[in-house]
Amino acid sequence: MNPLKRLSKAFFLIAALTLMLGGCGAAPSPTSVPAATTAPVVQPANTTAAVVQPVNTAAPVAAATPTAAAAKPKGTLTVALSTDIAAIELPQAPERQAANAASTMYDGLLYPTADGKLEPALAESWDVAADGTTYTFKLRKDVTFHNGEPFTADAVVFSWTTYSKPDVRYASTWTIADTMTKVDDYTVKATTKSPNALLLRYASGWAMIPPKYYASVGPQAFAQKPVGTGPFVFKEWIKGDHLTVTANPNYWRKGYPKVDQVVFKFMPEPATRVQAIKAGEIDIASRLTSSNVKELGSAAGITVVHYPVDRVYYVAFNNVTSGKGQPTEKKEVRLALNYAVNRPGIIKAIFDGYGQLASGFVGTSDLGFDKSDPYPYDPAQAKTLLGLAGYPNGFAMDMSCPSNGYPGINDVCQAVASDFGKVGVKVNLNLMEANAFWALEEKKQLPPLYIDSWSVTLGEAYPRLSGALAKDETYAAWYDAGLAKMITDLVATIDISKRAALYGTIQKQMRDDPPFVYLYYPEAFEAVRSRVSGYQPRAAEDYFLWDVSVSN
Amino acid sequence: MQRYLLSRMAQAVVILVGVLLLVFFMVRATGDPATLMMAKEASPRQLSEFRHLMGYDRPLLIQFFDFTAGALTGNFGDSLYYRLPALPLILERLPATLELAALGMLMAIVIGVPLGLIGGATPGSLWDSLGRTLGLFSQTIPSFWLALIMIIVFAVNLHWLPTSGRDSVQAVLMPAFVLGLGTLGRLVRLTRSSVLEIMGDDYVRTARSKGLPPRIVFGRHVLKNALMPLVAVIGVQFGYMLGGSLIIENVFAWPGLGRLAVESISNRDFPLVQGIAFFTSVVVIVLNLLNDVAYAFIDPRIRYG
């Protein structure tokens, strides 16, 4: 073979790899698309979400209260994950699937219930000082780590110190507490610089680790074989293939866990997950698509579950850089564009009817979700509003989209552009390579219209609201001083019902004078075998397995 | 011979430099991984801290020299996603890919070469039609589709084999078959055509005319010459197989290099993508080099040509 040919072969190899990098959204499996990889990682994956509204699941959890008398754990639960998980040390887990698997080995100080409340877990009670900056946790006294070390205040302080270092992936979920001190063996005190309503939510995701074991094996070895207090104990991690954990016989929730082994199998291709559950090799297959669901049809012994994910798709406006002085600065224009989009049509045509109309930036499962109706599809009203704004004949504007950055996004962008066109707003659509799009979004160099999505995993819309609307945030392209002030107030409002009310006020404001066109909340699809009971995935695609059981 | 080897090695070095350049600059053509690595709520300050920490705020040329110096000593830096050195992550996946490639290649040779030989020796026979059909089928059928069909038939309906994974010994059978099939077809067609061509050559006619039994003519004169081009094809194909098959490893959840490549690309895990691309290129280049050397040993015309 001549050198030229060989060079061209080598080139081809690299080009193929690099092309895939360029069009990574076009990679064959939609598995990587939803939350973790293709999209900007939106929220620390290791924070546990709290969900306000119960999601639509196959087998809702019966009772979450531990009962003393219970049978020994039995059976193996096999869960397919769509990624090769990269870390099983919870605070280092880079995405949701890894965090779900890792969290079986840990407990947080609090436990987020499926309906969005916080229950005692490793902390039996907690107290927030009147000024909202001191949080005192009373710890359970009957908890031991998997290696036998007792769980005490020292462990909490040690865990916090270890994971609030800057090189930890989601250190920000720990550094929300400014200090962490031991009061006595079973009491710790966290302080914040200013009142922070989210501290308790984050505390439910703080993974507690044993100081002596960690110190003796070191961070590298710990990451390969983590030890926590959780319902399951590490057994085996074969990279790229599976993770196995076994029941913790000394778990503090007496009578739990219900299964004696959980195997997480890494299966990147959704079609394979579908076949594997049909073959009976796995019990739970998540991150499926609506076409997988059609294929599963009415397979015996398998239930398909779908539920809205806490993610909002939207058309963003810009009044900070490119949109200054543009028609979209006028409220009537933004209202008109909300009326102009045929959202039910988009959900029906592009997502087989699965998805919910978005009415704002607070997700259906978030604290303070306001059930007020989304804007109806009303092109006539849109035209009237455009006339009122002084654009009876419409106008032309550029719009960018992250090509293949999310499932179905290219079709959505084209549909939106065409709907805008029908009311006279001529859109020059630019479907850009997704990473280039996000790079421009970061620099605020996108045109005055662009389509993106934003997920949260906290059970509250605060990170999304603040990220998109507070001053000088990385991806904020709209600034409204009144709105920004209300969002700042949110985090200082410790009282949960007052905070819920404030979310309501913000939603009303964002509906009357919309900084976005709200498109839809997508749905997640999972298949669960009927031998599984108690499995309940939540809106952040997270779940807990301590009360899940399997029959033969 | 020495001159031949030296020139081949010099070419390999040139290619390696080209690979380094391409890997580095093409990976960077779409920006840096900061936006993908950080939470969307991350503040501009956190983003710039990340870039500084990872060295993405330095001039590209300096980053390139850094990468080159590291790559030549096998140090590709830490994977952004795994937070572990890239090379051990790559080597960790190598046994799985090696197993798959070796078995796939073995199957292709064991089935493909005899079918090609028979077909070439007896054109138009039943075996020949079978071999030609298989050759056509194997090169045109999409591997993704075939893989799924096999899973449905052998795992879901018959329960003979597991759908995917690398838990059991049998698990390798389906992915190895699908991976080897393309090469199998190529080998059938190549063997067949070279046998056919040689059968018509003068020296074969001479051998026949001097009264050698057909078995000897075929074994001594045809076979030796027909197998020569196969050496080249097998070497090159094996190199590609070692790069890992993106599609097959994904469908069969096989924990090999191809799947690691797919994941690291969609995670924009620069150090790992660079490591995999460079590593596979080196493997292909080395295999090609070995192949050229082997070829020169087998066929004197090459080393003197």
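Being a predicted model, the structure only gives us computed values, none of them experimental.

**Here's the deal with the overall build of chain A**
When helices and strands are tallied, chain A shows 15 helices and 21 strands. Classification of the 552 residues of chain A by burial places 61% in the buried group. Summarising the internal contacts of chain A: among those between residues at least 6 apart in sequence, 72% fall at separations of at least 24. Accessible surface, chain A: about 19100 Å² in total, of which carbon and sulfur atoms supply 55%.

**Some points on the confidence of the model for chain B**
Residue and element names in this part refer to chain B. When the pLDDT values of chain B are averaged, the result is 87; 98% of them are 70 or greater. In the model of chain B, helix α14 (residues 300–304) stands out as the element of lowest mean pLDDT, 70, in contrast to helix α7 (residues 143–157), which has the highest, 93. Across the predicted assembly, pTM comes out at 0.85 and ipTM at 0.86.

**What about a nonpolar patch on the surface?**
All names here are of chain B. There is a patch of nonpolar side chains on the surface, built from Val-13, Val-17, Leu-21, Phe-25, Leu-60, Leu-61 and Phe-65 and spanning about 640 Å² of accessible area. Broken down by secondary-structure element, the contributors of at least two residues to the nonpolar patch are α1 (2–28) and α4 (60–72). Considering the arrangement of structural elements, one finds Val-17 in helix α1. Val-17 gets classed as partly exposed once you look at its relative accessible area, which sits at 45%.

**Comments concerning the side chain of Arg96(A)**
As for its position among the elements, Arg96(A) is in helix α2 (residues 96–102). A polar contact of 3.1 Å, which involves the side chain of Arg96(A), links it to the backbone oxygen of Ala540(A).

**Quick notes on unusual backbone geometry**
With an omega dihedral of 0°, the bond running from Tyr256(A) to Pro257(A) counts as a cis peptide bond. Here Pro257(A) shows up in the loop between β9 (242–247) and β10 (261–266). Phi at Arg83(B) takes a positive value of approximately 55°, unusual for a residue other than glycine. Among the structural elements, Arg83(B) can be located in the loop between α4 and α5 (86–121). Positive phi, normally seen in glycine, also occurs at Ala253(B), with a value near 45°. If you trace the backbone, Ala253(B) turns up in the loop between α11 (246–251) and α12 (257–266). Under the relative-accessibility criterion, Ala253(B) is labelled buried at 1%.

**Notes on α12(B)**
All names here are of chain B. With respect to burial, α12 is a largely interior element, ten of its ten residues being buried. Here α12 has its buried residues at Leu-257, Gly-258, Arg-259, Leu-260, Ala-261, Val-262, Glu-263, Ser-264, Ile-265 and Ser-266. One or two positions beyond α12, positive phi appears at Arg-268, with a value near 50°.

**Looking at the sheet that holds strand β5 (residues 134–139) of chain A**
All names here are of chain A. Ordered by their spatial adjacency, four strands build an open sheet running β4-β5-β7-β6, and the pairing between neighbours is antiparallel. Bordering the open sheet on either side are β4 (123–128) and β6 (179–184), each of which pairs with just one other strand. Ignoring strand direction, the axes of neighbouring strands in this sheet form an average angle of 20°. Sitting on the sheet, helix α3 (residues 153–163) is in contact with β5, β6 and β7 (187–191), with an inclination near 170° to β6.

**A closer look at the sheet that holds strand β14 (residues 356–357) of chain A**
All names here are of chain A. Here we have six strands laid out as an open sheet, ordered β14-β18-β13-β17-β15-β16, and mixed in their pairing. Each end of this open sheet is capped by a strand with a single partner; those strands are β14 and β16 (425–433). In terms of strand pairing, strand β13 (residues 311–316) meets strand β18 (residues 516–521) through four bridges, oriented antiparallel. Each bridged residue has a counterpart across the sheet, and for Val-315 the counterpart in β18 is Val-517. Across the sheet, helix α8 (residues 331–340) touches β15 (395–403), β16, β17 (449–455) and β18, and the angle it forms with β18 is around 25°.

**Quick word on the nonpolar core**
Core analysis: the largest hydrophobic core is formed by 152 residues, its most contacted members being Leu109(A), Phe137(A), Trp206(A), Phe264(A) and Phe420(A). Setting aside chain neighbours within four positions, we find Phe264(A) in contact with Val79(A), Leu81(A), Ala101(A), Thr104(A), Asp241(A), His242(A), Leu243(A), Val245(A), Tyr543(A) and Leu545(A). Grouped together as the second largest cluster of nonpolar side chains are 43 residues, Ala101(B), Leu117(B), Leu148(B) and Ala226(B) included.

**Some details on the side chain of Thr173(A)**
All names here are of chain A. Tracing the backbone through its elements, the reader meets Thr-173 in the loop between α3 and β6. For Thr-173, a relative accessible area of 3% puts it in the buried group. At 2.9 Å, the side chain of Thr-173 forms a polar contact with the backbone oxygen of Tyr-170.

The rules behind these values
Residues numbered from 1 in each chain as written. Chains lettered and ligands numbered in written order. Predicted model: local features only at pLDDT ≥ 70, side-chain atom pairs only at ≥ 80, totals over all residues. Heavy atoms only, no water. Helix = DSSP H or I, 4+ residues; strand = E, 2+ residues; numbered from the N terminus. Buried < 20%, exposed > 50% of the residue type's maximum accessible area, 1.4 Å probe, protein only. Contact = heavy atoms within 4.5 Å. Areas by Shrake-Rupley, 256 points an atom, 1.4 Å probe, with all protein chains shown as cover. pLDDT = per-residue confidence, 0-100. Patch = residues over 30% accessible without salt bridge, like charges linked within 9 Å, V, L, I, M, F, W, Y side chains within 5 Å. Salt bridge = Lys/Arg side-chain N within 4 Å of Asp/Glu carboxyl O. Polar contact = N/O pair within 3.5 Å; in protein donor to acceptor, adjacent residues only side chain to side chain. Pairing = 2+ DSSP bridges. Axes fitted to C-alpha atoms, helices over the stretch in contact; angles between N-to-C directions. Core = buried A, V, L, I, M, F, W, Y, C linked by side-chain atoms within 4.5 Å.

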